[in-house]
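# Examination of the molecular architecture
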Amino acid sequence: MITATSQNFNVSDLGYYGQFGGAYIPEMLYPNVEHLRSVYLDIIAEPSFQEEFYSLLRDYVGRPTPLYYAKRLSDFYKTKIYLKREDLNHTGAHKINNTIGQILLAKRLGKTRIIAETGAGQHGVATATACALMGLECVVYMGAVDIERQKPNVERMQMLGAKVVPAMSGSQTLKDATNEAMRDWITNPTDTHYIIGSVVGPHPYPDMVTRFQSVISEEIIAQLREKEGCEAPDYVLACVGGGSNAAGAFYHFLDNNDVQLIAVEAGGKGVNTGFSAATTALGKPGVLHGSMTYLMQTQDGQVVEPFSISAGLDYPGIGPIHAHLFASGRARFESITDDEAMIAGKFLSRTEGIIPALETAHALAYLEKLGAKQHEIVVVNLSGRGDKDLQTYIEGAQERPHH
Amino acid sequence: MNRIERLFAQKPHNVLSIYCTAGFPHLDDTISVLQALEHSGADIVEIGIPFSDPVADGQTIQQSGGVALHNGMTLDILFQQLRGVRDSSHANVQIPLVLMGYINPILQFGVRKFCQCCAEVGVDGVIVPDLPVELYEREYLSAFQEYGVCNILLVTPQTSDERIKRIDTVSKGFLYAVSSAGTTGNVLSMDAEREAYFTRLAALKLQNPVMIGFGIADKTSFDDACRFANGAIIGSAFIKAIGKSQNLPSDIRHFISSIKN
Ligand SMILES: Cc1ncc(COP(=O)(O)O)c(C=O)c1O
């Protein structure tokens, strides 16, 4: 349940996971963030909220998503691989689990206007969808570079009635879109709710988004029980941009140390090339977008512009829960390059008939290196489908536009 | 009494504070901008520490910060530039100086070392827009107190009376009243809502002087703000005025006199 708590990795009252998290926000955002903090747990615990949330997930989103035994992939890697099919959600990724939860919250808060940031466009599409469903105005900020490389999703958002605003500053990617969304919220504090798309941002966002995404591991447990007669796999693999699909896939296994949790970051052209988004490899603790976390930054504390072929992983930070999982050693953080991800995406397409999102392809690529044994069970969170990435797959590992 | 408190004791009305970005328009302009501002009659200068992701700032200040970072500005360099700023044989700037910057560069520099450097070079106060009062009290207040550096906190039209009072008890030097919902660089329009907010602030009988900032761009908006507070802060309009300057002292004199006369 989204109200369940982990014993060891729950957020503290002040919003911390270990030393990470908190709410470093300008005073302009304080009333909204504080209000949200003071009501979110009560609201999501209300039976009427749960009823509405779970029935929309079932009838509108299409949950539970299958836990699919990938036979040909398993034969190839000589282990037992299950794919958690978040790509089969309505709108094609895990992002909608969170936007449905947050839109229900926003309605209960009396908000009439929704803003969001998006990288790959999946969160933008999921937000635009939820807004159309609820009849709320929707504005999505998206880096100008990402608008170029994720065109199909821009058009989907527009089709759904959302306004897509290009973020022109900085690297013109996800971080800059987030800055613009925060500026919008500062400017429109009364009527607007900001639906953050990952487990980032000031407390309570990381915990709130984790709870909405935790439906993923809740289902994995029930599905493994049925298919394998066990409650937990040996490994869970997920890609990490901000870390929402990983947080959801890990959540109900956090306290079970027999389950190895593997978070896969975007290595870009290679961790040490200067073109990478591998936050734990390259970052150190710092504050961005309201929370203390690992952050790619210069010695002087300026945020370094990340690089990844995948727009959804092209972010210089990670959610504070992941910073804590990394620092405490509970999860292992690995990185996969652009080229490795491209190969893995194409390989899954040919082997299983599933075209994965480029983000997800990073998690799949790690199967090459995992070395799981024949009898072991590996769950890969298939966070999204790759329709939006066809152009990039087809053109090969070409450079993204310079700016 | 530090320089900020002394200023408000001597001049409780029409206090003019100017925001400039360190290292803008050119890396080494910082000191000459401070000198020109003092000579032209500015009462306080807020020196912005540039940051890559300034979420509370509008385009003008974002861009000036981008230029300053491109020029190579860092906190280390800024403190080097400010060494000697108070010496009568050197820069000889005597008006209160306040550093304004986002928390991350200060954290990476080290909060204690930052406060120590402020005290050493003669910086009187600091404004950190993304450091809320609770976090400040819990984690950083002791360092500020140890070195006698004022932390100047913000309130906004959405801040409740109760919270304004709480912030007022922690804030030192003055209270920074953000004029309206929005980032820096929007132009203030005096309307009924604005008046009600400023009147509400005045009625709270706060212990700190109040300076109104965000959207103060010219004489009209400065005078409007001064009717309700001890003074006002001009940022984006000043940055715009000096961005392409060929003669900083003259352009700065011109800008300040357009506000004061
Ligand atoms: C399919 C897919 N997977 C993963 C991500 C990365 O986000 P997160 O790390 O929050 O799951 C995105 C983000 O856009 C995405 O679209």
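Residues numbered from 1 in each chain as written. Chains lettered and ligands numbered in written order. Predicted model: local features only at pLDDT ≥ 70, side-chain atom pairs only at ≥ 80, totals over all residues. Heavy atoms only, no water.

## Observations concerning the overall build of chain A
Along chain A, the regular secondary structure elements total 17 helices and 15 strands. In terms of overall size, chain A behaves like a compact globule, its C-alpha atoms giving a radius of gyration of 19 Å where 403 residues would be expected to give roughly 22 Å. With the C-alpha coordinates aligned to their principal axes, the bounding extent of chain A is approximately 55 × 50 × 40 Å. Expressed as a percentage of its 403 residues, the buried residues of chain A come to 67%. Contacts spanning at least 24 positions in sequence make up 75% of the contacts within chain A whose residues lie at least 6 apart. For chain A, the accessible surface area stands at approximately 13,400 Å², while carbon and sulfur atoms represent 51% of it. Placing the 34 positive and 45 negative side-chain charges of chain A at their respective mean positions leaves the two points 3 Å apart. (Helix = DSSP H or I, 4+ residues; strand = E, 2+ residues; numbered from the N terminus. Rg over C-alpha atoms; globule rule 2.2 N^0.38 Å. Buried < 20%, exposed > 50% of the residue type's maximum accessible area, 1.4 Å probe, protein only. Contact = heavy atoms within 4.5 Å. Areas by Shrake-Rupley, 256 points an atom, 1.4 Å probe, with all protein chains shown as cover. Lys, Arg positive; Asp, Glu negative; His and termini not counted. Charge placed at Lys NZ, Arg CZ, Asp CG, Glu CD.)

## Overview of the site of the ligand
All names here are of chain A. The ligand sits among 18 residues. The nearest are Ser198, Gly241, Gly243, Ser244 and Ser383. Between an oxygen atom of the ligand and a side-chain N or O atom of Ser244, the distance comes to 2.7 Å. Residue Asn245 places a side-chain N or O atom 2.8 Å away from an oxygen atom belonging to the ligand. For the ligand, whose unbound accessible area comes to 390 Å², protein coverage reaches 98%. In terms of residue class, the shell around the ligand is built from 5 nonpolar, 11 polar and 2 charged. (Near = heavy atom within 4 Å. Polar contact = N/O pair within 3.5 Å; in protein donor to acceptor, adjacent residues only side chain to side chain. Nonpolar A, V, L, I, M, F, W, Y, C, P; charged D, E, K, R; others polar.)

## Concerning helix α6 (residues 111-121) of chain B
All names here are of chain B. Listing the buried residues of α6 in full gives Val111, Phe114, Cys115, Cys117, Cys118 and Val121. All buried residues of α6 lie within an arc of 160° about the axis, which places them on one face of the element. Packed against the buried residues of α6 are α4 (75-82), β3 (97-100), α5 (103-109), β4 (125-127) and α7 (133-146). Immediately beyond the C-terminal end of α6, within one or two residues, lies Gly122, with a positive phi of roughly 95°. (Arc of directions from axis to C-beta.)

## Digging into the sheet that holds strand β5 (residues 113-118) of chain A
Residue and element names in this part refer to chain A. The 4 strands lie next to each other as β7-β6-β5-β8, forming an open sheet whose pairing is parallel. Only two strands of the sheet have a single partner each, and these edge strands are β7 (163-167) and β8 (192-194). Shown here is a sheet whose adjacent strand axes are inclined to one another by a mean of 25°, direction ignored. In this structure, strand β6 (residues 137-143) lies alongside β7, joined through 5 bridges in parallel fashion. Bridge pairing links Gly143 to Ala167 in β7. (Pairing = 2+ DSSP bridges. Axes fitted to C-alpha atoms, helices over the stretch in contact; angles between N-to-C directions.)

## Describing the pattern of salt bridges
All names here are of chain A. Applying the stated rule across the entire model yields 38 salt bridges over all chains. Of the charged contacts, one joins Glu228 and Lys80 as a salt bridge, the two residues approaching to 3.0 Å between their closest N and O atoms. With Glu228 in helix α10 (residues 215-228) and Lys80 in strand β4 (residues 80-85), the pair connects residues that are 148 residues apart, well separated along the chain. Residue class for Glu228 comes out partly exposed when judged on its relative accessible area of 24%. Note that Asp146 and Arg149 form a salt bridge whose closest N and O atoms lie 2.8 Å from each other. (Salt bridge = Lys/Arg side-chain N within 4 Å of Asp/Glu carboxyl O.)

## Things to note about the side chain of A:Gln102
Take A:Gln102: it is sitting in helix α4 (residues 95-108). In contact with A:Gln102, other than residues within four places in its own chain, are A:His193, A:Tyr194, A:Ile195, A:Ile196, A:Tyr205, A:Met208, A:Val209 and A:Phe212.

## Some points on the sheet that holds strand β9 (residues 231-234) of chain B
Residues and elements named next belong to chain B. An order of β5-β4-β3-β2-β1-β9-β8-β7-β6 is seen for the 9 strands of this open sheet, with the pairing classed as parallel. Among the strands making up the open sheet, the edge pair consists of β5 (150-151) and β6 (154-155). Summarising the sheet, β6 and strand β7 (residues 175-178) pair through 2 bridges and their orientation is parallel. Looking at the pairing, Val155 lines up with Ala177 of β7.

## As for the pairing of β3(B)
Residue and element names in this part refer to chain B. Burial of β3 is two-sided: the residues Leu97 and Leu99 facing one way and the residues Val98 and Met100 facing the other way are all buried. Pairing of strand β2 (residues 44-48) with β3, which is carried by 4 bridges, proceeds in the parallel orientation. When the sheet's bridge partners are listed, Val45 is paired in β3 with Leu97. Pairing between β3 and β4: 3 bridges, direction parallel. In the strand pairing of β4, Leu99 is matched with Val126.

## Focus: the pairing of β6(A)
Residues and elements named next belong to chain A. With 6 of 7 residues buried, β6 lies mostly within the body of the structure. Pairing of β5 with β6 involves 6 bridges; the strand directions are parallel. The residue of β6 that forms the bridge with Ile114 is Cys138. A crossover links β5 with its parallel partner β6, the connecting element being helix α5 (residues 122-134), and its sense is right-handed. (Right-handed = clockwise from strand over helix to strand, strands pointing away.)

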